Amino acid sequence: MTWRYLGSRLVAAAGVVIAVAVLIFLVSHVIGDPVTASLPGNPTQAQIEATRQQLGLNHPLSQQFLTFMNGVFHGSFGNSYWQQVPALPLVIRRLPATIYLALAACALIFPIGLTLGLIAAIRPGSIVERLVTILSFAGASLVSFWLALMLIYVFAVRMRWLPISGYGGVNVILPAVTLAILYTGNLAQLTQSSVADQLTRNYVDAARARGFSEVRVLVGHVLRNGLIPVVTVAGAILANLLNGVVIVETVFGWPGVGNLLIQAIQNRDLPLIESCAFATAIIVTVLNLIIDIAYRFINPRVKFG
Amino acid sequence: MDRRPTSPAMTPDRPAPPPCPAGRPRKLRFRRTMAIVAVALTALLAAACSSSKADTSSGGPGGGGNVTVVSYLEPANLDPGEAGTSSKINFVLRSVLQSLVDRDPATHQIVPLLALSWANPTPTTWQFQLRHGVTFQDGTPFNASTAAASLKYIWNPNIDGSGNYVTEAATFTAAGPYTLDVKLASPDPVFLSKMTQVPIASPTQIAKDPNSLADKAIGTGPYEFVSWTRGQDMKFKLYDKSWMAAPGMFDTITWVWQSTPSIQEQMIATGQADVAVSSGIAYTAQECEAVKSAGGTCANTPSTQVNYLRLDEYNQTLLGNQDVRQAIAYAVDRAAINDAFYLGVPVANNIVTKGGVGYSTTGPTYPYDPAKAKSLLAEASAAGVNLRAPITIYYETGNGDTQPDVAQEVAANLQAVGLKVKLDGVTATDRATEYFQNRGSSTYKDIPPNRAAIWVAGTGMELLDFSQADLALTCTGSTSVYCDPAVDAAFTHANDLAGAARNTALVNLWNKLYTNVALLPLNVQVNTTLYDNRVQSFTARPDGVIPFWQIRAKQ
């Protein structure tokens, strides 16, 4: 049954990737003219025609679509107009930086968010619960650009504890903390409400009546059920972080996919924008697949199929 | 009686030192000796200290340590063939790749660099005498044959990026070991100016490893390329065999990229970067002050870019009228606009910057005079021009903060003299479609008669020659909305001339065009450079290049 489920999820994931590829094709080839959108300056008609021919845009749309999909299956979106090298490898080269930042942020978000949420759930009305509320509001209302600038001002400019901009080493701290402030509250609040909801269930009273310790009740029973919705949100957070956190990467000069996407847009580099979009789609799809599978391990009662 | 002991040196062959004055006390001689010893020791100590800071006493190049430059723009590609896309690689790589000639940033005169002298015996031939003793950073000797091989690759009209400068074919041949001959397909009066922009890369790299050109630069400059991690940094180190390497220069240069000006400023103020480069006025007065209060420098340098208003002219019922155009020139308070948005720089009355060919001091100036503007509009109205036809002022959104503000100010000025004006902000993509008149199959003839568009615009004039503005002023110019066959003919005629005659012809042409307000220049764009107190004061260049071969580290 599990394998059948896994197979169906893989097929669905492949369908999503293909659908995204089709969407990318439609947006770039049907809604707008990729040649006029991408050629810089003042191309002559001859240059436009030459580029159209070079990109194969003089062929029927169906043929263009087949060529495009063939490129997708071979991982090729053509050369970046801006950098004059294959576009997808440029994105792949930036992925480690984005993954690095995402993992660093997760290293703060998940332990802090889950711990705060759990404590807030088992100690309603405590300071921790209020802190979770504040963090949650902060995450929802703070603008990442402003928050990043404020953190830079306090910790890099005034205190001189941390570097302002750059990649690797201690450079990761400020962007990771910025992201952690934005996402931790959300995770903590969801953990709190989910665990608090589980704590009211009869099976918790039954476990306690059987003489189980509070830790065993919490870890062995409550968390197992309470974490299911949390996993969904955690997956969404991780997907957001891996998509390339455009503003944060740009402010901190972090050489990730988000930063590259901004440059691609500024340079009207269609193949590079397509590659960023496609890579992002793959990441989100794979993550969703992992989350779906993780459900099964967190709670085997979740039915498949 | 002299009681001094006889020394071996006091031989009959060598003259004896003059005797001490009679009666001078021995104590005084001791003090004098001690003083000499103290001075010598002090001098030795000072020399030792200074050599520990920089290896200048030994005469070895470098000793300045690392300098970190934070720039708003990362090059897309290091291929020297892309240099024609203006300064996109030049401003970073100019310390690595050099050109035959350079332009003096103060006088704007073309000065020797890799070529020591040049001659232009016929309109289509040039001969350069090259510098001796120069080597590329890969060891390839620089001479006429290697220079020719390099230029053959770079001077290719088919390379997209070269399109800005390389329009005609040319052949480069070695006429002697250090004599380079150039044969142009047709006369090009700005050829020498173009050669200030065209970098020369290693012909060995071009021949043996052309695929590496996009990622690695090998030239003759005082710094050699070390690494480029895209999106992160680019590193150079001093090429100590360079003919330009000198004591006190920085040993390494690290370029990092940061597009947010306020963060660039903070990097300078906190010492995380030493030099910040921006395009235009990127920093606020407070940011400049923050750098100054940390001991650094905030310097504004006129660039080669001119900001101007482009007024539809061809086929226009309202803006085609000279009285209306002159009225607009008098109505726009350019000095106030410059005060408010461009650091108070002077009003420009040319489209080429001072020192450039065709720069006029004899044309109209259009000082702010709303009364005169109203009077001219009244004359136009009396001649039957409908002044109630709407004018649209276009500006690009997301292109810094200045354009929308300038557009609003211009609109207010024009409304104040009774013209009907509306504003329209467009994205960069829409601008690419709307702004270029001779794009694709569309030409200036497609401009609707009642469009009445005024664009807030700017143009780079890095060749410092008014003929570069033909793109905006001739019938087939890519950004031109002005079409007068007589003007086209005048440009052609001027380009057939040389020297002072050409300058005069271009000055006269601009005076004529400016009388009809073909364009309304606002100012010469100012670029701001920030640097900290580790960097000795230097004069920033109009082309935005940081002259690391002239800059020294503060000791």
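On a predicted model such as this, the values are computed, not experimentally measured, just so you know.

1. A look at the overall build of chain B
- Looking only at helices and strands, chain B features 15 helices and 16 strands.
- Across the 555 residues that make up chain B, the buried fraction comes to 51%.
- Restricting the contact set of chain B to residue pairs at least 6 apart, pairs at least 24 apart contribute 70%.
- Per element, the accessible surface of chain B, about 23700 Å² overall, is 53% carbon and sulfur.

2. A closer look at the overall build of chain A
- In terms of helices and strands, chain A carries 13 helices and zero strands.
- Listing each helix as α and each strand as β along chain A from the N terminus yields α-α-α-α-α-α-α-α-α-α-α-α-α.
- With respect to the principal axes defined by its C-alpha atoms, chain A has extents near 85 × 60 × 30 Å.
- Within chain A, the fraction of its 305 residues that count as buried is 47%.
- Within chain A, contacts between residues at least 6 apart in sequence are counted, and of these 74% link residues at least 24 apart.

3. With respect to the sheet that holds strand β16 (residues 519-531) of chain B
Residues and elements named next belong to chain B.
- On the basis of which strands lie adjacent, the open sheet formed by ten strands has the order β8-β9-β10-β1-β11-β16-β12-β15-β13-β14 and mixed pairing. This sheet does not close on itself; its edge strands, each paired only once, are β8 (223-229) and β14 (421-426). Recorded for the sheet is a direction-independent mean angle of 25° between the axes of neighbouring strands.
- Direction of pairing for strand β1 (residues 66-71) relative to strand β11 (residues 275-277): parallel, over a ladder of three bridges. Counterpart to Val70 in the pairing with β11 is Ala276.
- The strands touched by helix α7 (residues 285-293) within the sheet are β12 (297-311) and β16, with β16 carrying the most contacts at an inclination of about 30°.

4. Here's the deal with the environment of Gln468(B)
All names here are of chain B.
- With respect to the element layout, Gln468 can be found in the loop between β15 (453-460) and α13 (470-473).
- Taking the relative accessible area as the measure of exposure, Gln468 reaches 18% and is therefore buried.
- Setting aside chain neighbours within four positions, we find Gln468 in contact with Gly460, Met461, Glu462 and Leu463.

5. Thoughts on the pattern of salt bridges
All names here are of chain B.
- Enumeration according to the criterion identifies twelve salt bridges over all chains in this entry.
- Between Arg541 and Asp102 there is a salt bridge; the shortest N-O distance is 2.9 Å. Note that Arg541 is positioned in the segment after β16 and Asp102 in strand β2 (residues 101-103), a separation of 439 residues in sequence.
- Of the residues examined, Arg541 reaches a relative accessible area of 6% and is grouped as buried.
- On the basis of relative accessibility, which here comes to 8%, the residue Asp102 falls in the buried class.
- Among the charged side chains, a salt-bridge network with shared partners connects Arg94, Asp102, Arg541 and Asp543.

6. Comments concerning the side chain of Asn338(B)
Residues and elements named next belong to chain B.
- If you trace the backbone, Asn338 turns up in helix α9 (residues 334-341).
- The exposure class assigned to Asn338 is buried, which follows from its relative accessible area of 0%.
- A polar contact is formed between the side chain of Asn338 and the backbone oxygen of Val345, at a distance of 3.3 Å.

7. Details of helix α10 (residues 370-382) of chain B
All names here are of chain B.
- Taking 1.5 Å per residue as the helical rise, α10 with its 13 residues ought to reach 18 Å, and the 18 Å between its terminal C-alpha atoms agrees with that figure.
- Every buried residue of α10 is listed here: Ala373, Leu376, Leu377 and Ala380. Looking straight down α10, one finds its buried side chains confined to an arc of 100°; they lie on one side. Of the exposed residues in α10, the ones pointing more than 90 degrees away from its buried face are Ala371 and Ala382.
- In this fold, the buried residues of α10 make contact with α8 (322-331).
- Of the residues one or two after α10, Gly384 is the one with positive phi, at around 100°.

8. What to know about the nonpolar core
- Of all hydrophobic cores here, the largest spans 67 residues; its most connected members are Ile328(B), Leu414(B), Phe466(B) and Leu513(B).
- Phe466(B) has contacts with Ile351(B), Val352(B), Val357(B), Gly358(B), Met461(B), Leu473(B), Phe491(B), Leu506(B), Leu509(B), Trp510(B) and Leu513(B), leaving out every residue within four places of it along the chain.

9. So, the sheet that holds strand β4 (residues 115-122) of chain B
Residues and elements named next belong to chain B.
- If you walk across this open sheet you meet the four strands as β4-β5-β7-β6, and the pairing is antiparallel. With one partner strand each, in any of the chains shown, β4 and β6 (170-176) form the two edges of the open sheet. The average undirected angle you get between the axes of adjacent strands in this sheet is 20°.
- In the sheet, β6 pairs with strand β7 (residues 179-184) via six bridges, with the strands oriented antiparallel.

10. Here we look at the state of the cysteines
Residues and elements named next belong to chain B.
- According to the stated counting rule, one finds two disulfides over all chains in the structure shown.
- With a sulfur-sulfur separation of 1.8 Å, Cys288 is cross-linked through a disulfide to Cys298. Of this pair, Cys288 sits in helix α7 while Cys298 is found in strand β12, placing the two residues ten residues apart along the sequence. Cys298 carries the same exposure label as Cys288, and that label is buried.

11. Comments concerning the environment of Ala486(B)
Residues and elements named next belong to chain B.
- Structurally, Ala486 can be placed in helix α14 (residues 485-496).
- Classification of Ala486 by relative accessible area gives partly exposed; the value is 39%.
- With twelve residues separating them in the primary sequence, Ala486 and Thr474 have C-alpha atoms 9.5 Å apart.

12. Observations regarding the packing of aromatic side chains
- Under the counting rule described, the total for this entry stands at 24 aromatic pairs over all chains.
- Taken together, a centroid distance of 6.3 Å and an interplanar angle of 20° make the contact between Trp126(B) and Phe128(B) stacked.
- For the pair Tyr366(B) and Tyr514(B), a centre-to-centre distance of 5.0 Å together with 85° between the ring planes defines the contact as edge-to-face. Placement of Tyr366(B) in the loop between α9 and α10 and of Tyr514(B) in helix α15 (residues 499-515) is noted, with a sequence separation of 148 residues between them.
- For Tyr366(B), a relative accessible area of 4% puts it in the buried group.
- Grouping aromatic residues by their ring pairs yields a cluster made of Tyr330(B), Tyr366(B), Phe466(B), Phe491(B), Trp510(B) and Tyr514(B).
- One residue, Arg216(A), lies across the ring of Phe212(A), its end atom 4.0 Å from the ring centre.

13. Considerations on empty space enclosed by the protein
All names here are of chain B.
- Applying the stated rule across the entire model yields four cavities of 30 Å³ or more.
- There is about 120 Å³ of room inside the largest cavity.
- Lining the largest cavity are 14 residues, and of these Arg103, Leu464, Arg541, Pro542 and Asp543 sit closest to its centre.
- Here the residues of the lining of the largest cavity are counted per class, giving three nonpolar, four polar and seven charged.

14. Quick look at unusual backbone geometry
Residues and elements named next belong to chain B.
- In this structure, Ala452 is a non-glycine residue whose phi angle is positive, near 45°.
- Within the secondary structure, Ala452 is located in the loop between α12 (428-435) and β15.
- For Val517, which is not glycine, the phi dihedral falls at a positive 45°.
- Secondary-structure assignment places Val517 in the loop between α15 and β16.
- Given a relative accessible area of 0%, Val517 falls into the buried group.

15. What about a nonpolar patch on the surface?
- Together, Val143(A), Phe145(A), Trp146(A), Met150(A) and Ile247(A) give the surface a local cluster of nonpolar side chains, amounting to about 460 Å² of exposed area.
- Ranked by the residues each element gives to the nonpolar patch, the list is headed by helix α7 (residues 144-158) of chain A, at three residues.

16. Describing the confidence of the model for chain B
All names here are of chain B.
- Confidence in the prediction of chain B, expressed as mean pLDDT, is 85, and 84% of residues score 70 or more.
- Under a pLDDT of 50 for its full length, residues 1-24 has, in the predicted model, eight contacts with residues more than four places off or in other chains.
- In this model, residues 43-57 is a region of pLDDT below 50 whose contacts with residues beyond four sequence positions or in other chains number ten contacts.
- Note on the complex model: pTM 0.79, ipTM 0.75.

17. As for the pairing of β8(B)
All names here are of chain B.
- Here six bridges tie β8 to strand β9 (residues 233-238), and the two strands are oriented antiparallel to one another. By the bridge assignment for β9, Trp228 is matched with Met234.
- Here β8 folds back onto β9 in antiparallel fashion, the turn holding three residues, of which Gly231 has a positive phi close to 85°.

About the cut-offs
- Residues numbered from 1 in each chain as written.
- Chains lettered and ligands numbered in written order.
- Predicted model: local features only at pLDDT ≥ 70, side-chain atom pairs only at ≥ 80, totals over all residues.
- Heavy atoms only, no water.
- Helix = DSSP H or I, 4+ residues; strand = E, 2+ residues; numbered from the N terminus.
- Buried < 20%, exposed > 50% of the residue type's maximum accessible area, 1.4 Å probe, protein only.
- Contact = heavy atoms within 4.5 Å.
- Areas by Shrake-Rupley, 256 points an atom, 1.4 Å probe, with all protein chains shown as cover.
- Pairing = 2+ DSSP bridges.
- Axes fitted to C-alpha atoms, helices over the stretch in contact; angles between N-to-C directions.
- Salt bridge = Lys/Arg side-chain N within 4 Å of Asp/Glu carboxyl O.
- Polar contact = N/O pair within 3.5 Å; in protein donor to acceptor, adjacent residues only side chain to side chain.
- Expected span 1.5 Å × (residues − 1).
- Arc of directions from axis to C-beta.
- Core = buried A, V, L, I, M, F, W, Y, C linked by side-chain atoms within 4.5 Å.
- Disulfide = S-S within 2.5 Å.
- Phe/Tyr/Trp six-rings, centres within 6.5 Å; stacked < 30°, edge-to-face > 60°.
- Lys NZ or Arg CZ within 6 Å of the ring centre and 35° of its normal.
- 1 Å grid on protein atoms, 1.4 Å probe; cavity = no way out; pocket = protein on both sides within 12 Å on 5 of 7 lines; lining within 4 Å.
- Points joined across faces, edges and corners; volume = space filled by probe spheres on them.
- Nonpolar A, V, L, I, M, F, W, Y, C, P; charged D, E, K, R; others polar.
- Patch = residues over 30% accessible without salt bridge, like charges linked within 9 Å, V, L, I, M, F, W, Y side chains within 5 Å.
- pLDDT = per-residue confidence, 0-100.

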